[in-house]
Amino acid sequence: MNALSPSTPLLRVEGLEQSFGGVMALAGVSFQLDEGVIQAVIGPNGAGKTTLFNALCGFYRPSAGSIRFAGQELRGLPPYRIAAHGIARTFQNLQLFFNMTVIENVMVGCHLRARTRWLAAALRLPQVRREERQLRQWAREALTLCDLADWAEQSAGALPYGLMKRVEIARALAARPRLLLLDEPAAGLNDTETLALRELIARIRASGVTVLLVEHHMPLVMGVSDRLLVLDYGSVLAEGAPAEIQADPRVIAAYLGGAVHYAV
Amino acid sequence: MRLAGFYGFAALVVLLPLLFPNDYFVIVVGASAGLHAILAVGLNLLVGYAGQISLGHAAFFGMGAYASAILTTRFGWPGLLALLAGLLVAGLLAWLLARPILRLRGHYLAMATLGFGVIVHVILVQATDWTGGPDGLSGIPPLNLFGWTVEGDLQWYGVIAAAMLLAIWLSLNLVDSQIGRALRAVHGSEFAAQMMGIDTARAKTQVFVVSALFAAFAGSLFAHQQAFVSPDSFNLAVSVELVTMVVLGGIASTFGAACGAIALTLLRQGLVVFEDYEMLIHGALLMAVMIFLPQGLFVGLGQALRTGLRRCGLGRRRDRHRSLSTAGVQDPGSPP
Ligand SMILES: Nc1ncnc2c1ncn2[C@@H]1O[C@H](COP(=O)(O)OP(=O)(O)OP(=O)(O)O)[C@@H](O)[C@H]1O
Ligand SMILES: [Mg+2]
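Residues numbered from 1 in each chain as written. Chains lettered and ligands numbered in written order. Predicted model: local features only at pLDDT ≥ 70, side-chain atom pairs only at ≥ 80, totals over all residues. Heavy atoms only, no water.

**Things to note about the interface of chain B and chain A**
Think of interface size as the accessible area that goes away when the parts come together; that is how it is often given.
Point 1. Each side of the interface is counted separately: chain B has 41 residues, and chain A has 45 residues.
Point 2. The junction of chain B with chain A conceals about 3,800 Å² of combined surface from both sides, 62% of it contributed by carbon and sulfur atoms.
Point 3. Three residues stand out in chain B for area buried against chain A, namely M195, M196 and P336 of chain B, and they jointly supply 22% of the buried area on that side.
Point 4. Run the count over chain B and chain A and you get 2 salt bridges.
Point 5. Its salt-bridge partner being R184 of chain B, residue E104 of chain A comes within 3.4 Å of it at the nearest N-O pair. (Contact = heavy atoms within 4.5 Å. Buried area = accessible area lost by both parts, 1.4 Å probe. Salt bridge = Lys/Arg side-chain N within 4 Å of Asp/Glu carboxyl O.)

Written as structure tokens, this is what we have:
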């Protein structure tokens, strides 16, 4: 990975556009993200937050704009190549592998570091055994970081919802990303779990991973983020430190217009 | 131990002919069951693990069989060389077909593979000059393995049993590696799989080719064992039966697929005594299994057994590779 000079942001998005039929889900979104920060993306339902994530990850082909990550253009690449550049994510609607155990889910997360080929795997050559042990070890580390070690051998589908969301984070971390995208990680969590999540996100940042966080839970957002990006109708409404955003009349108006009131 | 079940199964396969050396049911039907087990184990990699349906798998079975039949009878090739050529042809065709066809999902994929199977069958019937048409090709010489000519039912039982154990061993190894996990990831959530760095289109292509290779391998053995091939052995009904075997035994379980194949082959033979009612009983049994043991006969019974043991305070809690294909699948529509 190439080192960035202190002034270059890790991610620079410019003029990103994505439309579905008549709906401009992203109408020229521009922002940048410095390495090592936690930046939240907030905005009313339907603002385009998930669409932004899907566009960043290559699930959509944005019609215009650029996505520069660590100095390289990512727009137009398929998701598996974007992952190889060091971006991992979780999903708003769980995308766990319910047909596997927890640790197997996380071992899939290590895929970018796996080297096994078909023939070697079919014959179970010694290097495959070694790799199995190594992947298991890496997966255990990610599980431990997320306090999931005790659940390793459980079937992913048998976990309580809060833990499933945590497994998605562990799986994403197992890819050793430079940038982690979290799409509403607190949705459906109770207060204790949300508190633990907040602590986990801080821990992730401390391990050197940059975090982009889509979240509606305002206490979490305000407590954990260094910067905020506010989207509304597919455009950037405001961008700044939490205190600035809280005082921004446009943001207040956008939120008061909707049904959502946040105890900030 | 990882392969404990495998060794147990292998011991059984070796023991059976020693106990019943002259039993038609064990030796002849057993060999047929073994061939079907190879087919089912290969198809299970595609259907059970990667979650992609194929209703045209008999086509690859037929390609292996006809490659061996044509090359040995018309061109006098040695059997092993013809077998390799069959693998090459089936693998190549699967590879060419995989990208366009595996872009499809669900019913569309089912229809496309079904269409492919029908086309191959029609070619086998129509290309009379090469395939002998509906009458098929006879006079296929016995298989010669490094100087040993395979002759007689018992020897064929041995060869097919060895081939089946090899297929099962390869499949168990594949599944229990990052390759196998990537396949199951494609099944579980294609979006998440891609986000973990898996080139899902490539993974699907590879597993399609590998399952075609298993089928062509079984086809070549089949041609030599029967000394005769005809298109009827590779029609749509056979493709459907192969999928049934995978589903019946328990999807995403190598032993499940093998046992499903063996059970169905034995069942059909056993039902022959009921003559007219054979298909009726056959169908009713299949429906009963799917209703009462939706994870498949062997996986379902295995799980029930484990649950029972656990209730009695015995047994281990680990359920590796237990996977409910239907529960693991997510809507592959628009991105999450
Ligand atoms: N695949 C799609 N096809 C058509 N329209 C879509 C698609 N994905 C999103 N949209 C539309 O784009 C807009 C933005 O949706 P998006 O899911 O990005 O919102 P969001 O900010 O994530 O909302 P929420 O907070 O509810 O998750 C919405 O109007 C939505 O209906
Ligand atoms: Mg969303």
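**Structural notes on the packing of aromatic side chains**
Point 1. As enumerated under the stated definition, the model contains 12 aromatic pairs over all chains in all.
Point 2. Judged by centre distance (5.2 Å) and plane angle (40°), the ring pair of F60 of chain B and F116 of chain B falls under tilted. Of this pair, F60 of chain B sits in helix α3 (residues 58-74) while F116 of chain B is found in helix α5 (residues 106-126), placing the two residues 56 residues apart along the sequence. In terms of burial, F60 of chain B and F116 of chain B fall into one category: buried.
Point 3. Among the aromatic residues, ring-to-ring pairing joins F61, Y66, F222 and F234 of chain B into one connected group.
Point 4. The lysine or arginine in question, R113 of chain A, covers the ring of W138 of chain A, its NZ or CZ lying 4.1 Å from the ring centre.
Point 5. Here the basic side chain of R171 of chain A rests over the ring of F97 of chain A, its NZ or CZ set 4.6 Å away from the ring centre. (Phe/Tyr/Trp six-rings, centres within 6.5 Å; stacked < 30°, edge-to-face > 60°. Helix = DSSP H or I, 4+ residues; strand = E, 2+ residues; numbered from the N terminus. Buried < 20%, exposed > 50% of the residue type's maximum accessible area, 1.4 Å probe, protein only. Lys NZ or Arg CZ within 6 Å of the ring centre and 35° of its normal.)

**Brief notes about the coordination of the magnesium ion (ligand 2)**
Residue and element names in this part refer to chain A.
Point 1. Coordination of the magnesium ion (ligand 2) by the protein comes from T50 (OG1) and Q92 (OE1), over a distance range of 1.9 to 2.1 Å. Here the residue T50 occupies a position in helix α1 (residues 49-56), and Q92 occupies one in the loop between β6 (87-89) and α3 (102-109), the gap between them amounting to 42 residues.
Point 2. The buried category is assigned to T50, whose relative accessible area is 18%. (Donors = N, O, S within 2.8 Å, 3.2 Å for Na, K, Ca; no water.)

**Structural notes on the domain arrangement of chain A**
Residues and elements named next belong to chain A.
Point 1. Splitting chain A by domain gives domain 1 (7-86 + 177-264) and domain 2 (97-175).
Point 2. Taking only C-alpha atoms, the centre of domain 1 and the centre of domain 2 are 27 Å apart.
Point 3. Taken together, the contact between domain 1 and domain 2 spans 16 residues of the former and 13 residues of the latter.
Point 4. If you look at where domain 1 meets domain 2, you find 1 salt bridge. (Domains from an automatic or database assignment.)

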